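These are the residues of each chain, in order.
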Amino acid sequence: MRFRHPDGSTVHVSYCTNVHAAEDFEGVLRQLVDYAEPVRRRLHRDRLGIGLWLARSAARTLSEDPGTVRTLRTALESAGLEVVTLNGFPYQGFGDDRVKYRVYRPDWTERARLDHTTDLARLLSSLLPEDVTEGTISTLPLAWRTEFGPEARTAALANLGTLAQRLDALEELTGRAIRVGLEPEPGCTVETTADAVDALTGSEAPPHHRVGVCLDTCHLAAGFEDPDASLDALDEAGIPLVKCQLSAALHAEHPALPGVRAALADFAEPRFLHQTRALTPAGLRYRDDLGEALAPGALPTAGPWRSHFHVPLHAPLAPPLTATLGELRRTLARLVGGPRPLTHHLEVETYTWQALPAALRPQNRAQLADGIAAELGVARELLTELGLKELP
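This text gives an overview of the structure that appears in the document. Chains are numbered independently. Their residues run from 1 in the order of the written sequence. For this predicted model, a pLDDT threshold of at least 70 governs which residues receive local features, and a threshold of 80 or more governs which side-chain atom pairs are given and counted, while totals over whole chains, interfaces and linings are taken from all residues. Water and hydrogen atoms play no part in the side-chain values, which are based on all heavy atoms of the structure.

Glancing now at the overall build of the protein chain. A run of DSSP states H or I qualifies as a helix once it reaches four residues; a run of E qualifies as a strand once it reaches two. Both are numbered from the N-terminal end. Scanning the protein chain for helices and strands turns up 12 helices and 15 strands. For 392 residues, the compact-globule estimate of 2.2 N^0.38 gives 21 Å, and the protein chain sits close to it at 20 Å. Summarising its shape, the C-alpha atoms of the protein chain cover approximately 60 × 50 × 45 Å along the three principal directions. A buried classification covers 58% of the 392 residues belonging to the protein chain. Whether two residues are in contact is decided by their heavy atoms, any of which lying within 4.5 Å being enough. Here the analysis covers contacts within the protein chain between residues at least 6 apart in sequence; of these, 79% occur between residues at least 24 apart. Across the protein chain, the mean location of the 40 positive side-chain charges is 3 Å away from that of the 52 negative side-chain charges. As defined in this context, the radius of gyration uses C-alpha atoms, and a globule is described by 2.2 Å times the residue total to the power 0.38. Only protein chains enter the accessibility calculation, which uses a 1.4 Å probe; a residue is then buried when its area is under 20% of its type maximum, exposed when over 50%, and partly exposed in between. When charges are counted, Lys and Arg are positive and Asp and Glu negative, with His and the chain ends excluded. Just so you know, the charge point we use is NZ for Lys, CZ for Arg, CG for Asp and CD for Glu.

See below:
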């Protein structure tokens, strides 16, 4: 969906297709017909934006055979879909039964991550609509935090610098500018906005006109970060906000009360990592996964807990749990509610539909399409409340 900001610029809204987790090119084509086009029809739109996730296998096929790129462009046009952004975080296997820590490999110290992201940039420049000249890619925030020392940091930032050079060359060749955003995530080397500022302002940092930040509102909330302070810090450091992923985290206000741990346990599942933070007067205490956090004594229970679990935007959770929709609203108001947008690419990213507790999980393709459309409907309502006008 496209929206006109009061300053006259266009804000693009999409949903991320990592929820479908197609690993190969044929799977990417199927998901356009099976899911994305039905979502568009439910929203009664002639055109819908999708944030494509292209696993390594699919990206390799598209990179090696120009004919497949033409096939994909035709399929997008036939389904009434457009692509201005890609999710470059997961490399492969995102649909596996157990993902957990594997989603962080290869990291930015490895040539495979650099080459994959380069391929994604080239593909995005070929997939952008004719009237769009700027595309964005979200990526891993350097690496998972363990076994990441000064040498690894230097290697990761050097690879990002090489990527920036390749993106410069790509723009010279195609006339289309592609920018990449590190996506701060709990437990990673770049976990917070402050970490992002530190990584992207040092002497080894890549140039800001190519590499900035992708802000995920679930990750921001899971770390109990203040949206205004975070956005102020990025602005003061001159770091561009490449795109924002609209999502909500799992919140337990009183984890010591009876029934709260049982309610949280319903969300402790084996597929994805759900980093959990407890807010205390002395600062945050953390565990790498929700199941670990629920062990007796693992985290303090005097203050609230938040967990990195992307919960649907449109469906309130049953008490005693809530979603961090207030933080999402505050962030979005700062992003697009001012005199100019801080970013022009917004992406709804709830990839955990099939990891939800059984009572909340969609049972078929139609129910999943219903849910995704409902989430986009929430985004549409929030944007119009902020004065943006939906375009045809």
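Read on for the rest.
Right, let's talk about the packing of aromatic side chains for a bit. Between rings of Phe, Tyr and Trp, where Trp is taken as its six-membered ring, a pair exists when centres lie within 6.5 Å; planes separated by under 30 degrees are stacked, by over 60 edge-to-face, and by other angles tilted. A full pass over the atoms with the stated rule returns 8 aromatic pairs. Measuring from centroid to centroid gives 5.2 Å for Tyr 101 and Trp 144, while their planes differ by 85°, and the two rings are edge-to-face. Residue Tyr 101 is found in the loop between β4 (81-87) and α4 (111-127), and its partner Trp 144 is found in the loop between β5 (134-139) and α5 (150-174); the two are separated by 43 residues along the sequence. Residue Trp 144 is classed as buried on the basis of its relative accessible area, which comes to 9%. Three or more aromatic residues link up through ring pairs in this structure, and these residues are Trp 53, Phe 94, Phe 272 and Tyr 351.

Okay, helix α2 (residues 56-64) next. Among the residues of α2, those classed as buried are Arg 56, Ala 58, Ala 59 and Leu 62. Buried positions in α2, seen along its axis, are confined to an arc of 160° and lie on one side of it. Here the arc refers to the set of directions running from the helix axis out to each C-beta atom.

Any carboxyl oxygen of Asp or Glu within 4 Å of a side-chain nitrogen of Lys or Arg constitutes a salt bridge here. Within the structure shown, the criterion is met by 30 salt bridges. Residue Asp 289 is joined to Lys 100 by a salt bridge in which the shortest nitrogen-to-oxygen separation is 2.5 Å. Note that Asp 289 is positioned in the loop between β11 (283-287) and α10 (290-293) and Lys 100 in the loop between β4 and α4, a separation of 189 residues in sequence. The two residues Asp 289 and Lys 100 agree in class, both being buried. One salt-bridge network, held together by shared partners, links Asp 226, Asp 228, Asp 232, Arg 330 and Arg 334.

The next point concerns the packing of α4 against α5. Direction vectors running N to C along α4 and α5 enclose 20°, while the axes themselves pass 10 Å from each other. Between α4 and α5, the angle falls in the class roughly parallel. Handedness of the α4/α5 crossing: right-handed. Residue-level inspection shows Arg 111, Leu 114, Asp 115, Thr 117, Thr 118, Ala 121, Arg 122 and Ser 125 of α4 in contact with α5, the latter providing Asn 159, Thr 162, Leu 163, Arg 166, Leu 167, Leu 170 and Thr 174. The residue classification treats Ala, Val, Leu, Ile, Met, Phe, Trp, Tyr, Cys and Pro as nonpolar and Asp, Glu, Lys and Arg as charged. All others, Gly included, are polar. For the contact of α4 with α5, the class distribution of residues is 5 nonpolar, 6 polar and 4 charged. Interaxial angles span 0 to 180 degrees and are taken between N-to-C directions of axes, which are lines fitted to C-alpha atoms, for helices over the stretch in contact. In these notes the angle categories are as follows: under 35 degrees is roughly parallel, over 145 is roughly antiparallel, 65 to 115 is roughly perpendicular, and the rest is oblique. When the near helix sits turned anticlockwise from the far one by under a right angle, the crossing is termed left-handed; a clockwise turn instead gives a right-handed crossing.

We now examine the pairing of strand β6 (residues 177-182). Of all 6 residues that make up β6, 5 are buried, and the element is covered over most of its length. Sheet topology places β5 next to β6; 6 bridges connect them, and they run parallel. What sits directly across from Ser 138, in β6, is Gly 181. Handedness of a crossover: with both strands directed away from the viewer, a clockwise path from the first strand across the helix to the second marks it as right-handed. Between the parallel pair β5 and β6, the chain is carried across by α5, and the sense of this crossover is right-handed. Pairing between strands is defined by DSSP: at least two bridges between them are needed.

Turning our attention to the sheet that holds strand β13 (residues 321-323). Sheet architecture is open: 5 strands sit in the order β11-β10-β12-β9-β13, paired in antiparallel fashion. In this open sheet, the two edge strands, each paired with only one partner strand, are β11 and β13. Neighbouring strand axes in the sheet, compared pairwise and without regard to direction, differ in orientation by 30° on average.

Attention now moves to the nonpolar core. Buried residues of nine kinds, namely Ala, Val, Leu, Ile, Met, Phe, Trp, Tyr and Cys, make up a nonpolar core once their side-chain atoms join them within 4.5 Å. Among the nonpolar cores identified, the biggest contains 117 residues, and Tyr 15, Leu 142, Leu 346 and Leu 376 are the most heavily contacted of them. Looking at this core, the element that brings in the most residues is helix α12 (residues 365-385), giving 8 residues.

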